[in-house]
Amino acid sequence: MTTEQNTRIVLAARPKGAPVASDFRLEHTPVPTPRTGQVLLRNHWLSLDPYMRGRMNAGRSYVAPLEIGETMDGGTVSEVVESLHPAWSPGDLVLAHAGWQTYAVVDGETLRRKLDPAGLPVQTALGVHGMPGFTAYVGLHEIGRPQHGETLVVAAASGPVGATVGQIAKLKGARVVGIAGGAEKVAHLRDELGFDVALDHRAEDFPEQLAAACPDGIDVYFENVGGKVFDAVMPLLNDFARIPVCGLVAHYNATAPAPGPDRLPQLMAMILSRHLTVRGFIQHDFIALYPEFVREMGRWLRDGRIRYREDVVVGLERAPEAFIGMLEGRNFGKLLVKLDS
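As for the pairing of strand 15 (residues 334–338)
For strand 15, the tally of buried residues reaches 4 of 5 residues, placing the bulk of the element in the interior. For the crossover from strand 14 (residues 310–314) across helix 9 (residues 319–327) to strand 15, the handedness is right-handed.

Structure representation (structure tokens):
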């Protein structure tokens, strides 16, 4: 049993718009003790993801909001320190949901899978080989369903979801247009990931560039941003286009409805007249596909058919700053916190 203290970051205040440093608080507490059926974990890697912003609000969402003083939410790669559950032993590396802290006690039944340190890098279980990659996989498999020769557009395309969406679509024979912010990210999409076209949404003539890049319209738009990107996409949607919606990061810090004009009547008319499929989803909706995803994505990664990029910060105390930056688009690749110095 460890004699160390637990270090954790809790929600100190609900953000009013964009989160700021004072919305978080660093605390030191005793290391918790597991009970029957539980395990004590030492967290080594922490995932930072946009969905966490929604949990900081008090309003209704697909999961309960965090309470003030509660440890911030997040996926982890963790080591079992002590186990009172028959399926897990000390030394096991596991994929868990243990939050922004160095130690955690969780029910053994909630651990997602055991990780092999001799296989793929274990932190990929938080990115391309974990929840973000699974989001891309099932959004395409179940909703987007890109066909050979179709045009797929994805925003935030240098992030862990968008980059995986584009590469899977390429494997399926689609023509892929990726959208990102900044010349470096655009070059990464084009030169390293092999997207057919890569565009910078910050360009003044971005809508015109997108229209030129999609002369035959858009068959699949993988939505994870919203905002002005969707404004540019909407008039280009083909009949029977499919729109998987897994996020709207451009709106997460909004404190009021976006100013007019009201596009909802236009969008509803397009859904009707162009026979669009628009479906919001959470990756857990399709959890039955998770074992298939782990196998297939693992094979693609080992074969070099799917590539990924990580943005790593070191030290739990840097998590709030990194999280705030992520919501502003400052990260480049899957954002991870390495808890071990």
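Some words on the layout of surface pockets
Here the second largest pocket is characterised by a volume of approximately 540 Å³. Every residue lining the second largest pocket is counted, 19 residues in all, and those nearest its centre are Gly-227, Phe-230, Asp-231, His-251 and Arg-263. Mapped by element, the contributors of at least two residues to the lining of the second largest pocket are helix 6 (227–233), strand 12 (237–245) and helix 7 (264–273). Ranked by residues supplied to the lining of the second largest pocket, first place goes to helix 6 with 3 residues. Looking at the lining of the second largest pocket residue by residue, the class counts come to 11 nonpolar, 4 polar and 4 charged.

Description of the sheet that holds strand 11 (residues 218–222)
Reading across the sheet, the 6 strands line up as 10-9-8-11-12-13 and stay open at both edges, with parallel pairing between neighbours. At either margin of the open sheet sits one strand with a lone partner, and together these are strand 10 (197–200) and strand 13 (277–280). Strand-to-strand twist of the sheet, defined as the mean angle between neighbouring strand axes without regard to direction, takes the value 15 degrees. The pairing of strand 8 (residues 151–154) with strand 9 (residues 175–180) spans 4 bridges and is parallel. For Leu-152, the partnering residue across the bridge sits in strand 9 and is Val-176. Where helix 2 (residues 131–144) meets the sheet, it contacts strand 8, strand 11, strand 12 and strand 13, and its direction lies at approximately 145 degrees from that of strand 12. Each of strand 8, strand 9 and strand 11 is contacted by helix 3 (residues 160–171), which is oriented at about 170 degrees to strand 8, the strand it contacts most.

With respect to the pattern of salt bridges
Two side chains bearing opposite charge may form a pair once their charged atoms approach each other closely. Tallying each qualifying case throughout the model produces 13 salt bridges. Here Asp-73 makes a salt bridge to Arg-55, at a shortest N to O gap of 3.2 Å. One end of the pair, Asp-73, is in the loop between helix 1 (51–55) and strand 4 (76–83); the other, Arg-55, is in helix 1, with 18 residues separating them in the sequence. With respect to class, Asp-73 is no different from Arg-55; both count as buried.

Description of the packing of aromatic side chains
Enumeration over the complete set of coordinates arrives at 11 aromatic pairs. Measuring from ring centre to ring centre gives 5.3 Å for Phe-134 and Phe-293, while their planes differ by 50 degrees; the resulting arrangement is tilted. Here Phe-134, found in helix 2, pairs with Phe-293, found in helix 8 (residues 290–303); they are 159 residues apart in sequence, far enough to count as distant. Residue class for Phe-134 comes out buried when judged on its relative accessible area of 0%. Grouping aromatic residues by their ring pairs yields a cluster made of Phe-134, Tyr-137, Tyr-290, Phe-293 and Trp-300. Sitting above the plane of the Tyr-103 ring, Arg-42 keeps its charged end 5.3 Å from the centroid.

The rules behind these values
Residues numbered from 1 in each chain as written. Predicted model: local features only at pLDDT ≥ 70, side-chain atom pairs only at ≥ 80, totals over all residues. Heavy atoms only, no water. Buried < 20%, exposed > 50% of the residue type's maximum accessible area, 1.4 Å probe, protein only. Helix = DSSP H or I, 4+ residues; strand = E, 2+ residues; numbered from the N terminus. Right-handed = clockwise from strand over helix to strand, strands pointing away. 1 Å grid on protein atoms, 1.4 Å probe; cavity = no way out; pocket = protein on both sides within 12 Å on 5 of 7 lines; lining within 4 Å. Points joined across faces, edges and corners; volume = space filled by probe spheres on them. Nonpolar A, V, L, I, M, F, W, Y, C, P; charged D, E, K, R; others polar. Pairing = 2+ DSSP bridges. Axes fitted to C-alpha atoms, helices over the stretch in contact; angles between N-to-C directions. Contact = heavy atoms within 4.5 Å. Salt bridge = Lys/Arg side-chain N within 4 Å of Asp/Glu carboxyl O. Phe/Tyr/Trp six-rings, centres within 6.5 Å; stacked < 30°, edge-to-face > 60°. Lys NZ or Arg CZ within 6 Å of the ring centre and 35° of its normal.

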